[in-house]
Amino acid sequence: MPNLSLWTPRVLSILRLITALLFMQHGLMKLFDFPGPQPGAPDPLPPILMAAAWLEVIGGGLIAVGLFTRIVAFVCSGQMAVAYIVAHGSQGFWPALNQGELAIMFCFVFLYLVFAGGGAWSIDAQVRKRP
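Notes on the structure in this doc start here. (Residues numbered from 1 in each chain as written. Predicted model: local features only at pLDDT ≥ 70, side-chain atom pairs only at ≥ 80, totals over all residues. Heavy atoms only, no water.)

## Re the packing of helix H3 (residues 69-88) against helix H5 (residues 101-116)
The description of two packed helices rests on the angle between their axes and on the distance between the axes. At a closest axis distance of 8 Å, the pairing of H3 and H5 adopts a crossing angle of 160 degrees. Looking at the two axes, H3 sits roughly antiparallel to H5. The two elements H3 and H5 cross, and the hand of that crossing is left-handed. In contact with Thr69, Arg70, Ala73, Phe74, Cys76, Ser77, Met80, Ala81, Tyr84 and His88 of H3, H5 contributes Ala103, Ile104, Phe106, Cys107, Phe110, Leu111, Leu113, Val114, Phe115 and Ala116. (Axes fitted to C-alpha atoms, helices over the stretch in contact; angles between N-to-C directions. Helix = DSSP H or I, 4+ residues; strand = E, 2+ residues; numbered from the N terminus. Parallel < 35°, antiparallel > 145°, perpendicular 65-115°, else oblique. Left-handed = near helix turned anticlockwise from the far one by under 90°. Contact = heavy atoms within 4.5 Å.)

This is how it looks when you write it as structure tokens:
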């Protein structure tokens, strides 16, 4: 299957897009109850969750289109590391029991994007192609 490696930049773009849209959904749920309210989120949101929600919406949007991917992914990875430590890790060690699997997954996918970039189908890639 040597031809699969030819698809790596495109599949990276798909991974980036899907991850970013799922990430944005968490912020939209906190801010606008779309597509529904965030389960367990207090109303009104405390300032730390308000900041997290805006990072999720704006950061997720930038990552989705592949603009400033590496920098934004670094910030979002850090946000998810802090979210895990503060909201999940304090409830026990095992991610499957403290409901922190998604925070860990986002953290490490975003960390991967810091190193891999946005892929072939990103604004970053289009800007690099210009003379």
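Additional details are given in the paragraphs that follow.
## Here we look at the pattern of salt bridges
Across all of its chains, the model carries one salt bridge by this definition. Measuring nitrogen to oxygen at the nearest pair gives 2.8 Å for the salt bridge that ties Glu56 to Lys30. With Glu56 in helix H2 (residues 47-65) and Lys30 in helix H1 (residues 8-32), the pair connects residues that are 26 residues apart, well separated along the chain. Taken individually, Glu56 and Lys30 each receive the classification buried, so the pair is uniform in this respect. (Salt bridge = Lys/Arg side-chain N within 4 Å of Asp/Glu carboxyl O. Buried < 20%, exposed > 50% of the residue type's maximum accessible area, 1.4 Å probe, protein only.)

## Some points on unusual backbone geometry
The omega torsion across Phe34 and Pro35 is 0 degrees, close enough to zero to call that bond cis. As for its placement among the helices and strands, Pro35 is situated in the loop between H1 and H2. Note the cis peptide between Asp43 and Pro44, where omega equals 5 degrees. Of note, the phi angle at Gln99 is positive, near 60 degrees, even though the residue is not glycine. Considering the arrangement of structural elements, one finds Gln99 in the loop between helix H4 (95-98) and H5.

## What to know about the side chain of Thr19
Relative to the helices and strands, Thr19 resides in helix H1. In this structure Thr19 comes out as buried when scored by relative accessible area, which is 9%. There is a polar contact of 2.7 Å between the side chain of Thr19 and the backbone oxygen of Leu15. (Polar contact = N/O pair within 3.5 Å; in protein donor to acceptor, adjacent residues only side chain to side chain.)

## Let's talk about the nonpolar core
Counting 16 residues, the largest nonpolar core has Phe23, Ile63, Ala73, Cys76, Met80, Phe110 and Leu113 as its most contacted members. Listed by contribution, the elements that provide at least two residues to this core are H1, H2, H3 and H5. Those residues within four positions of Phe23 in sequence are excluded, and the remaining contacts are Leu55, Glu56, Gly60, Cys76, Gln79, Met80, Phe106 and Phe110. (Core = buried A, V, L, I, M, F, W, Y, C linked by side-chain atoms within 4.5 Å.)

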